[in-house]
Amino acid sequence: MLYPIHNLKERGFRLGATVFLDKIYISKDLDAKLTPVERHIIWAHELYHSLCEHRIQLILLWILCLGITPLVNIFRRRMELEADRYAIYKTRDIDAFIGLMDKLEHGKSTHPAKEERIKLAEAMRGKI
Ligand SMILES: [Zn+2]
């Protein structure tokens, strides 16, 4: 289940979604723009983060990498692509995933670039 939150962006978060304590939160502004399939893609992406304990892994990585943010972000971007791959497999809708990329904010060093995420989706076309 997705829990829409008002003014997520104004509270310092990007326009998107996150998982925290087994609940998936999504900015209300983004939620209003989504189709049901796109909402399912986000749910599957965030579910994967939760199932794989990515938040705990990031804390451990932070410690192992001595707090060197660029190094941690290399692993974090990989986790994001794994979550994207899982979401695409679960929803089996490449075009909806690519359409969703136009609705998310990109450009943070913690996440892969929009083009990289689309490239992943295109590489999965015909294979799922
Ligand atoms: Zn993610």
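Refer to the structure above for everything that follows.
Now for a look at the structure at hand. Positions within a chain are numbered from 1, following the residues in the order the chain's sequence is written. Only residues with pLDDT of 70 or above have their local features reported here, since the model is predicted, and side-chain atom pairs are shown and tallied only from 80 upward, although totals for entire chains, interfaces and linings are computed over all residues.

1. Structural notes on the packing of helix α3 (residues 54-64) against helix α4 (residues 69-91)
When two helices pack together, their arrangement is given by the angle between the helix axes and by the axis-to-axis distance. For the pair α3 and α4, the least separation of the axes is 10 Å and the interaxial angle reads 160 degrees. One element, α3, and the other, α4, form an angle in the roughly antiparallel class. As for how α3 packs across α4, the hand of that crossing is right-handed. Residues H54, L58, L61 and W62 of α3 form the contact with α4, whose participating residues are V72, F75, R76 and M79. The convention used is that axes are lines fitted to C-alpha atoms, helices contributing only their stretch in contact, and that angles between N-to-C directions extend from 0 to 180 degrees. The helix and strand labels rest on DSSP assignments: H or I over at least four residues marks a helix, E over at least two residues marks a strand, and numbering proceeds from the N terminus. When an angle is under 35 degrees it counts as roughly parallel; over 145 it counts as roughly antiparallel; between 65 and 115 it counts as roughly perpendicular; any other value is oblique. By convention the crossing between two helices is left-handed if the near helix lies anticlockwise of the far one by an angle smaller than a right angle, and right-handed if it lies clockwise. A residue pair is marked as a contact if its C-beta atoms, positioned from the backbone, fall within 7 Å.

2. With respect to the nonpolar core
Each nonpolar core reported here comprises buried Ala, Val, Leu, Ile, Met, Phe, Trp, Tyr and Cys residues connected via C-beta atoms within 7 Å. Three exposure classes are used, based on other C-beta atoms lying within 10 Å of a residue's own C-beta, which is placed from the backbone: buried for 20 or more, exposed for 12 or fewer, and partly exposed in between. Residues I41, A87 and F97 are the most contacted members of the largest nonpolar core, which totals 14 residues. Looking at this core, the elements that each hand over two or more residues are α2 (36-51), α4 and α5 (94-101). It is α4 that contributes the most residues to this core, four residues altogether. Not counting residues within four places of it along the chain, the set of residues in contact with F97 comprises I41, A87, I88 and A121.

3. Observations regarding the environment of I24
Checked against the element boundaries, I24 lands in strand β3 (residues 23-27). Given 19 C-beta atoms within 10 Å, I24 falls into the partly exposed group. When the C-alpha atoms of I24 and A44 are compared, they prove to be 10.0 Å apart, with 20 residues separating the residues in sequence.

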